[in-house]
Amino acid sequence: RNKHRDLFEGGISAESLRQATLPECGAITVLPDRDLRGRRVIVESMVKIDTMMKIEESWKLMFMLLDVLMEEEEAQVNGFVLIQDYLGVSMTQWKMQDSQFSFELEIGFGNTHPARFEEYHLINQSWFFASHKSVLKPFIPAELRQRVHLHAHGPDTDSLHKFIPKSILPEGFAGGNGPPFDWGSFADFLHKVLDAWLKIKAWKLGIADHG
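The model shown is predicted, which means the values in this text are computed figures rather than measured ones. (Residues numbered from 1 in each chain as written. Predicted model: local features only at pLDDT ≥ 70, side-chain atom pairs only at ≥ 80, totals over all residues. Heavy atoms only, no water.)

1. Focus: the nonpolar core
This is how it is decided: Each nonpolar core is a collection of buried residues, namely Ala, Val, Leu, Ile, Met, Phe, Trp, Tyr and Cys, held together in the definition by side-chain atoms within 4.5 Å. Exposure classes here rest on a 1.4 Å probe applied to the protein chains alone. A residue is buried below 20% of its type maximum, exposed above 50%, and partly exposed in between. Helix numbering and strand numbering both begin at the N terminus, where a helix is a DSSP run of H or I of at least 4 residues and a strand a DSSP run of E of at least 2. By definition in these notes, contact holds between two residues if any of their heavy atoms fall within 4.5 Å.
Ranked by internal contacts, the top residues of the largest apolar core, which has 52 residues, are I42, L61, M64, L65, F80 and I83. Here this core gets 10 residues from one element, more than from any other, and that element is helix α3 (residues 55-69). Discounting chain neighbours no more than four positions away, the residues touching I42 are I28, T29, V30, M62, L66, F80, V81, L82 and I83.

Take a look at the structure:
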């Protein structure tokens, strides 16, 4: 965490927050409904990370979301699910996407952040990405490996729906058939998250000052 202090504590820029609320961005979204096990579901559109939003800003947004959502009792007990959607990712984005996978695996399953990712799903991968991730998977520690699910390459999300039902995935999200995603509500949600995160940060700074 000390190594990446700016990403954890720097906060997302106002422009990036505005971008994150736009339907054409959709780099990182939090679904309105929890899954059947009460877990928050976060979806990343990998093609829009680094194109619609800088990768460093996407990390800052993720950490901000996790800091605030971890205040929920359900999240503390049930954890999170992360879906990375690789639909439309080109070969030229491969190195960036690979670093995103490795870094989030480190923070999501390591000891860097208290948030607990119970499942990590990679969907809509090209054959090249799928093959590459399959090669990497055996090197992931055994206790983490069972949480990482590499779904069949191509636009086939049926295997994902064995874990995450279609009904909680909004229309257009990973083959979901739930209600359309409400971007207006999501914009309000993100601004509330930012306000809550600033209060948490101020509280932590106060603790440090009096430590």
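2. Examining unusual backbone geometry
A positive phi angle, near 50°, is found at A174, a position not held by glycine. In this fold, A174 is placed in the loop between β5 (148-150) and α8 (183-209).

3. Remarks on the sheet that holds β5
For the record, the criterion: Note on pairing: two strands pair once DSSP finds at least 2 bridges between them. Every axis corresponds to a line fitted to the C-alpha atoms, with the helix fit spanning only the stretch in contact, and the corresponding angles, defined between N-to-C directions, vary from 0 to 180 degrees.
One open sheet accounts for 5 strands, arranged β1-β2-β3-β4-β5; its pairing is mixed. Bordering the open sheet on either side are β1 (28-30) and β5, each of which pairs with just one other strand. Here the strands of the sheet are splayed against their neighbours by 15° on average, with no regard to which way each runs. One ladder, built from 6 bridges, connects strand β3 (residues 80-85) with strand β4 (residues 117-123); its direction is parallel. Looking across to β4, one finds that I83 is bridged to H121. Strand contacts of α3: β1, β2 (40-45), β3 and β4, with the helix running at about 15° to β1, the strand carrying the most contacts.

4. Looking at α3
The cut-off we apply is this: Helices are assigned an expected span. That span is 1.5 Å times one less than the residue count.
A rise of 1.5 Å per residue sets the reference length of α3, with its 15 residues, at 21 Å; its end C-alpha atoms lie 21 Å apart and thus fit the reference within 8%. Burial within α3 is extensive, with 14 of its 15 residues counted as buried.

5. Here's the deal with the packing of aromatic side chains
Applicable threshold: Working definition: a ring pair exists when centres of Phe, Tyr or Trp rings (six-membered ring for Trp) sit within 6.5 Å. Plane angles under 30 degrees give stacked, over 60 give edge-to-face, the rest tilted.
Counted according to the given criterion, the structure contains 6 aromatic pairs. Look at F186 and F189: their rings are 6.1 Å apart centre to centre, the planes differ by 25°, and that puts the pair in the stacked class. Here the residue F186 and the residue F189 both occupy positions in helix α8, the gap between them amounting to 3 residues, near one helical turn. Through a chain of ring-to-ring contacts, the aromatic side chains of F173, F181, W183, F186 and F189 assemble into a single cluster.

6. Some remarks on the pairing of β3
Across the 6 residues that make up β3, a large majority, 6, are buried. Covered by surrounding structure in β3 are F80, L82 and Q84 together with V81, I83 and D85, the residues of both alternating faces. Sheet topology note: the β2/β3 ladder contains 6 bridges and is parallel. The partner of R40 across the bridge, within β3, is F80.

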